[in-house]
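# Analysis of the macromolecular model
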Amino acid sequence: MTLTVTVLGATGSIGRSTTDLLAQHAGRFRAGSLVGGKDVAALAKLAREMKAGFAALADAGAGPALREALSGSGIPNGAGESAVLEAVERDADIVVAAVSGAAGLKPTHAALRLGRTVALANKESLVCAGDAFMRDAARYKARLLPVDSEHNALAQALGDGRVSDVAKMTITASGGPFRTWTRERIAAASPTEAAAHPTWSMGMKINIDSASLMNKGLELIEAHHLFAIEPERLDVIVHPQSIVHGLVYWRDGAVTAGLAMPDMRVPIAHCLGLGDRLTIERGRNLDLAAAGSLTFEPADEARFPCLAIARAALAAGGAAPTVMNAANEIAVAAFIRGAIGFYAIAELVERACAHFAPRYRGAPADVDEALAIDAEVRAWSLEALPLARAAE
């Protein structure tokens, strides 16, 4: 049986890795809807190559250009939020949710409400509206499969084991480009330096989050919801080789871990296989003898305060992670365009969390409430940028 796969965020790094696997296993999969952001040329080229059933761009103004780019292909297409939601509503066996940031909430939730199998790479869905997402996943009998390498490794390491038997779950971090830098040197870092990830090839925003370790904080929150495990049983450890992705510590002292070469096609293939193992062409098999040694070190929250802020937001619960994520997206965008320095990211996020803490104690009841909080925090954060910059 051929499975239809819809890819949200098809032109990003996860999307490209997914379509590579679909092409390798063309007899097993077909591309359903492919959704991109703004890149008309990239989406049109991919849609033609994959013979997609539908193509959509989130940018409403890109509709005419996309129609022209796909002229003669016979591929129906559209642009804007309605087109993205139409893409989700079209028939699919698996939806790969790889839109970056809070922008992925609506389409990912729409797939979930349809009872689809959702391969989740958009961690912000669970960061911003985790309670609502997990509740609705159960309500609509949707299946959530973790695409992030860390959570996928945890899921495989957990296997059929019970979370009640787990003493701790630990995700790993490469340490990013600033792992060995002093705080003073980090403070003066440029966006280009911050985006130079030593292991993974990701988008600019995710690379900056990895440099600040905010990405690990987001992943702790995601793990909390995916595995229904308390914050105090979650941890982060720095592992520069990025070979061990997640570890499950059992209460009897045993430890199981998920290891693989750093290649996002590995966790994606695990999700697409639905229990079967897919061969990955041009993949790199792990050779521990060649790797030589695997090293680990604690995460330094003094040099990387975003991780501490994320831990606090997770512990606080309610809408604290929603607020934190919105402020972080504004702060990272400001850093990328050179409006603030690197440590002003943490400064702004911490200010936002403190400002909104008295107002939003309960978790968002649904995606609409999460997006309303997100919009309010973004507006406040834009106005607060000068304060964060001055406090650096």
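The shown structure was predicted, so the numbers you read here are calculated from the model rather than taken from an experiment.

This paragraph deals with the packing of helix α10 (residues 204-212) against helix α15 (residues 320-336). Contact pair α10 / α15: the axes reach a minimum separation of 10 Å and the direction vectors enclose 100°. One element, α10, and the other, α15, form an angle in the roughly perpendicular class. Across the interface between the two elements, Met204, Lys205, Ile208 and Asp209 of α10 pack against Asn328, Glu329, Val332, Phe335 and Ile336 of α15. Residues that form the contact of α10 with α15 fall into these classes: five nonpolar, one polar and three charged.

Scanning all chains against the criterion turns up six aromatic pairs. Pairing Phe335 with Phe342 gives two aromatic rings, centres 5.5 Å apart and planes at 75°, and the pair type is edge-to-face. For Phe335, a relative accessible area of 1% translates into the label buried. Measuring from ring centre to ring centre gives 5.8 Å for Phe342 and Tyr343, while their planes differ by 75°; the resulting arrangement is edge-to-face. With respect to burial, Phe342 and Tyr343 carry one shared label: buried. Aromatic rings pair up to connect Phe178, Trp181, Phe335, Phe342 and Tyr343 into one cluster. Its guanidinium or amino end placed over the ring of Tyr343, Arg183 lies 4.0 Å from that ring's centre, counting from NZ or CZ.

Bringing the pattern of salt bridges into the picture now. Under the counting rule described, the total for this entry stands at 26 salt bridges. Between Arg233 and Glu230 there is a salt bridge; the shortest N-O distance is 2.6 Å. Judged by its relative accessible area of 17%, Arg233 is buried. On the basis of relative accessibility, which here comes to 34%, the residue Glu230 falls in the partly exposed class. Through salt bridges with shared partners, one network takes in Asp20, Asp263, Arg265, Glu281 and Arg282.

This paragraph deals with the nonpolar core. Ranked by size, the top nonpolar core spans 94 residues in total, and within it Met169, Phe178, Met324, Phe342 and Ile345 carry the most contacts. Looking at which element gives the most residues to this core, the answer is α15, with ten residues. When residues of this core are assigned to domains, at least three map to each of domain 1 (3-147) and domain 2 (151-301). Listed in part, the 36 residues of the second largest apolar core include Val5, Leu34, Met50 and Ala269.

With that out of the way, let us pick up the pairing of strand β5 (residues 94-97). Alternating positions in β5 separate into two faces, Ile94 and Val96 on one and Val95 and Ala97 on the other, with burial throughout. Pairing of strand β1 (residues 3-8) with β5 involves four bridges; the strand directions are parallel. Looking across to β5, one finds that Leu8 is bridged to Ala97. In the sheet, β5 pairs with strand β6 (residues 117-120) via four bridges, with the strands oriented parallel. By the bridge assignment, Val96 is partnered in β6 with Ala119. Where the polypeptide runs from β5 across helix α5 (residues 105-113) and back to β6, its parallel neighbour, the crossover connection is right-handed.

Take unusual backbone geometry next. The phi angle at Leu274 is positive, at roughly 50°, despite the residue not being glycine. With respect to the element layout, Leu274 can be found in the loop between α12 (265-273) and α13 (288-291). For Leu274, a relative accessible area of 32% corresponds to the partly exposed category. The phi torsion at Arg282 lies on the positive side, around 60°, for a residue other than glycine. Residue Arg282 is classed as exposed on the basis of its relative accessible area, which comes to 59%.

This brings us to helix α6 (residues 124-139). The principal kink in α6, of about 105°, is found at Gly130. Turning to α6, its buried residues are Glu124, Ser125, Leu126, Val127, Cys128, Ala129, Gly130, Ala132, Phe133, Asp136 and Ala137. Lys141 occupies a position one or two residues after α6 and carries a positive phi of about 55°.

Okay, the environment of Leu34 next. Within the secondary structure, Leu34 is located in strand β2 (residues 29-36). Along the primary structure Leu34 and Ile340 are separated by 306 residues, whereas in three dimensions their C-alpha atoms are 35 Å apart. In this view, Leu34 contacts Val7, Ala10, Thr19, Leu43, Leu46, Ala47, Met50, Ala52, Phe54, Ala55 and Ala56; residues no more than four positions away in its chain are not counted.

With that settled, consider the sheet that holds strand β11 (residues 255-259). The mixed open sheet is built from five strands, whose spatial order is β11-β10-β8-β9-β12. Both edges of this open sheet fall to β11 and β12 (297-298), since each of them pairs with a single strand only. Taken together, the two bridges between strand β9 (residues 234-238) and β12 define a ladder with antiparallel strand orientation. Bridge pairing in β12 places Val238 opposite Glu297. Across the face of the sheet, helix α7 (residues 149-158) comes into contact with β8 (166-173), β10 (244-250) and β11 while running at roughly 40° to β10.

Along its sequence, the protein chain is carved into domain 1 (3-147) and domain 2 (151-301). Here the C-alpha centroids of domain 1 and domain 2 sit 24 Å apart. Across the domain 1 to domain 2 interface the summed buried area is about 2,500 Å²; carbon plus sulfur atoms make up 68%. Broken down residue by residue, the surface that domain 1 buries against domain 2 is led by Leu21, Lys123 and Pro146, which jointly contribute 23%. Linking domain 1 with domain 2 are four salt bridges. Across the pair Arg282 and Asp20 runs a salt bridge whose closest N-O atoms are separated by 2.8 Å. Our count for the contact surface shared by domain 1 and domain 2 stands at seven residue pairs in polar contact (both at pLDDT 80 or more). Counting only elements with at least two residues in the side of domain 1 that touches domain 2, the list comes to β1, α1 (13-24), β5, β6, α6 and β7 (143-146). Along the lines of polarity and charge, the residues of the side of domain 1 that touches domain 2 split into 16 nonpolar, eight polar and six charged.

Here is what the cut-offs are and how they apply
Residue numbering note: each chain is counted from 1, following its sequence as written. Only residues with pLDDT of at least 70 are given local features in this predicted model, and only at 80 or more are side-chain atom pairs given and counted; all residues enter the totals for whole chains, interfaces and linings. In computing side-chain properties, one takes all heavy atoms of the structure into account and sets aside hydrogens as well as water. Fitted lines through C-alpha atoms give the axes, limited to the stretch in contact for helices. The angle between two N-to-C directions lies from 0 to 180 degrees. Segments assigned H or I by DSSP are reported as helices when at least four residues long, segments assigned E as strands when at least two residues long, and all are numbered from the N terminus. Oblique is the label for any angle not covered by the other classes, which are roughly parallel (under 35 degrees), roughly antiparallel (over 145) and roughly perpendicular (65 to 115). Contact between two residues is taken to exist if any of their heavy atoms lie within 4.5 Å; hydrogens are not considered. Each residue gets one label: Ala, Val, Leu, Ile, Met, Phe, Trp, Tyr, Cys and Pro are nonpolar, Asp, Glu, Lys and Arg are charged, and the others, such as Gly, are polar. Any pair of Phe, Tyr and Trp rings, taking the six-membered ring for Trp, is counted once the centres come within 6.5 Å. Such a pair is stacked with planes under 30 degrees apart, edge-to-face with planes over 60 apart, and tilted for the rest. Per-residue accessibility, obtained with a 1.4 Å probe over protein chains only, is compared with the maximum for each type, and a residue is labelled buried under 20%, exposed over 50%, and partly exposed between these values. A positively charged side chain is recorded as over a ring if its NZ (Lys) or CZ (Arg) lies within 6 Å of the ring centre. The angle to the ring normal must also be within 35 degrees. Salt-bridge detection follows one rule: a side-chain nitrogen of Lys or Arg within 4 Å of a carboxyl oxygen of Asp or Glu. We define the nonpolar core as a collection of buried residues of types Ala, Val, Leu, Ile, Met, Phe, Trp, Tyr and Cys that are connected through side-chain atoms lying within 4.5 Å of one another. Segmentation into domains, and thus their bounds, comes from an automatic or database assignment. By this definition, two strands are paired if DSSP reports at least two bridges between them. The handedness of a crossover follows from its direction of travel: if, with the strands pointing away from the viewer, the path from the first strand over the helix to the second runs clockwise, the crossover is right-handed. The angle between axes fitted to the seven residues ending at a residue and the seven residues starting there is what we call the bend at that residue. Once two parts are joined, some of their accessible surface, as seen by a 1.4 Å probe, is lost; buried area is that loss totalled over both. Whenever two N or O atoms come within 3.5 Å, that pair is a polar contact, provided that in protein one can donate a hydrogen and the other can accept it, and provided that, for residues adjacent in sequence, both atoms are side-chain atoms.

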